[in-house]
Amino acid sequence: MTDTTKILTHYDLSHANTMALSCVARHAMILDSDQRLADDLAVALAFAKNANLPIFVLSGGSNVILPSTLNALVLLPKTTGTQLISQTEQSVTLQVACGENWHQFIQTCLNQGYYGLENLALIPGLVGACPVQNIGAYGVQVSDFIDKVIAYDLQTGQACTFDNTACDFGYRHSFFKDNPNRYLISHVVFRLQKAPNILTNYGDLADVSGKIASKNGRTTPTPMDVFDAVVQIRQSKLPDPAVLANCGSFFQNPIIPIKQFHELKAKFSDLPSYLVNDDFIKLPAGWLIDKAGLKGKGIFPILTHEKQALVLTNHHPRHASQHDIKTTQDFIINAVKTMFGVSLVREPVWLDEHI
Ligand code: EPU
């Protein structure tokens, strides 16, 4: 008979999502042992099949909008550990368990002289979730450093490995995002560099990291200086979810045809933009929302952040619901569409009560 003692019932997820939405899962299971992971998953899959329940994997909960009740078996991966797989003079390959804290993992890498992830400092969440939306910041995407992703197929229970190409990475996109609720990512294999490659051409990163370097008596920044600069910049404009509930960027930066961009630029000469290719341009959604007069605004209790309009914040933690998010989300989408003719697309994963 299957041992179901680890299956929890009516599990409160309001502390397990950084947006602090009130949510109770019908069932949950904490996956806390790397050694027992395959066995635990076999139990979970059998239980879900028997109860006719879908399975949902909730990682750090920093990029998800949860319903008040979630009619599912929620898997909470908490396994930790980092294994050195191989190294050359130039690079190191590390296999990292999904429950490792992302920011602490980068810090550990830097302390050991493994470079590349410093621009991605302070992004909330766990290692296992980083490939799903291909987290990115300050000119770097995590896909630049992912060698492989090791996962369990939740339909078959089989372990499977995806190389970088199979992950089909794009801007805030991956194969896993296209196949929601299908895989539990158990490990991410990173290839990091032993020689620093400083990338500071995004926004004010060159300026801030340069200042930190010179304060430390250096002429050029080290990866640790860049890491400190990213932390400083993020802390200056992004709310700490532990203090003010949020889930980071709420909208993707929209990509529009060049022709539409020129029409907008004629009306709004200060419109910032990033060239994607000869035909398309990316606009900062935060700027559009700000320009529409909605910085620090919204419909209570969900308001845009006062220092970064792209982030929605929850001012009634553990009480506000998904419905409150939708109200403010639609208000913003309509205002931006009316003013600029641009359709904003939500970035975090939206879960319905019945998946
Ligand atoms: N801006 C405004 N007003 C605002 C917000 C932004 O005018 O309220 C302007 C800024 O002055 C700047 C431009 O918009 O000219 C872009 O802003 P920023 O550099 O802060 O970056 P972003 O495009 O808003 C993206 C990522 C962030 C990431 C930063 C830094 C997306 C959807 N968001 O934001 O990612 O930290 O770049 O690389 O791509 C996240 O995904 O949760 C996230 C925070």
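Novice: Honestly, the pattern of salt bridges in this entry has me stumped. Any pointers?
Specialist: A side chain of one charge can pair with a side chain of the opposite charge if their charged atoms are brought near each other. The tally for this structure, following the rule as stated, stands at 13 salt bridges. The salt bridge involving Asp147 is made with Arg191; its shortest N-O contact spans 3.5 Å. Highlighted residues: Asp147 in strand S10 (residues 146–153) and Arg191 in strand S12 (residues 183–193), separated in sequence by 44 residues. Judged by its relative accessible area of 18%, Asp147 falls in the buried class. Overall, Arg191 belongs to the partly exposed group, its relative accessible area being 38%. Here Lys177 makes a salt bridge to Glu347, at a shortest N to O gap of 3.7 Å. One end of the pair, Lys177, is in helix H3 (residues 175–178); the other, Glu347, is in the loop between helix H8 (322–340) and strand S20 (349–350), and 170 residues separate them in sequence. If you follow the salt bridges from partner to partner, you end up with Lys6, Asp32, Arg36 and Asp40 in one network.

Novice: Looking at this structure, I do not really get the nonpolar core. What am I missing?
Specialist: The nonpolar side chains of a soluble globular protein tend to be buried, and buried together. Trp102, Phe105, Leu117, Leu120, Val142, Phe190 and Leu192 are the most contacted members of the largest nonpolar core, which has 43 residues in total. Elements with a contribution of two residues or more to this core: strand S7 (91–97), helix H2 (102–112), S10, S12, helix H4 (205–215) and helix H5 (223–237). The element that contributes the greatest number of residues to this core is H5, accounting for 6 residues. Other than its neighbours up to four places away in sequence, Leu120 contacts Trp102, Ile106, Ile135, Gly136, Ala137, Val140, Gln141 and Val142. Ranked by size, the runner-up nonpolar core spans 29 residues in total, among them Phe261, Leu294, Ile302 and Ile325.

Novice: Quick question: what am I supposed to make of the pairing of strand S6 (residues 82–87) here?
Specialist: As a general feature of sheets, a regular strand has side chains that alternate between the two faces. Direction of pairing for S6 relative to S7: antiparallel, over a ladder of 5 bridges. The partner of Gln87 across the bridge, within S7, is Val92. Counting the residues that bridge the hairpin from S6 to S7 gives 3 residues.

The rules behind these values
Residues numbered from 1 in each chain as written. Predicted model: local features only at pLDDT ≥ 70, side-chain atom pairs only at ≥ 80, totals over all residues. Heavy atoms only, no water. Salt bridge = Lys/Arg side-chain N within 4 Å of Asp/Glu carboxyl O. Helix = DSSP H or I, 4+ residues; strand = E, 2+ residues; numbered from the N terminus. Buried < 20%, exposed > 50% of the residue type's maximum accessible area, 1.4 Å probe, protein only. Core = buried A, V, L, I, M, F, W, Y, C linked by side-chain atoms within 4.5 Å. Contact = heavy atoms within 4.5 Å. Pairing = 2+ DSSP bridges.

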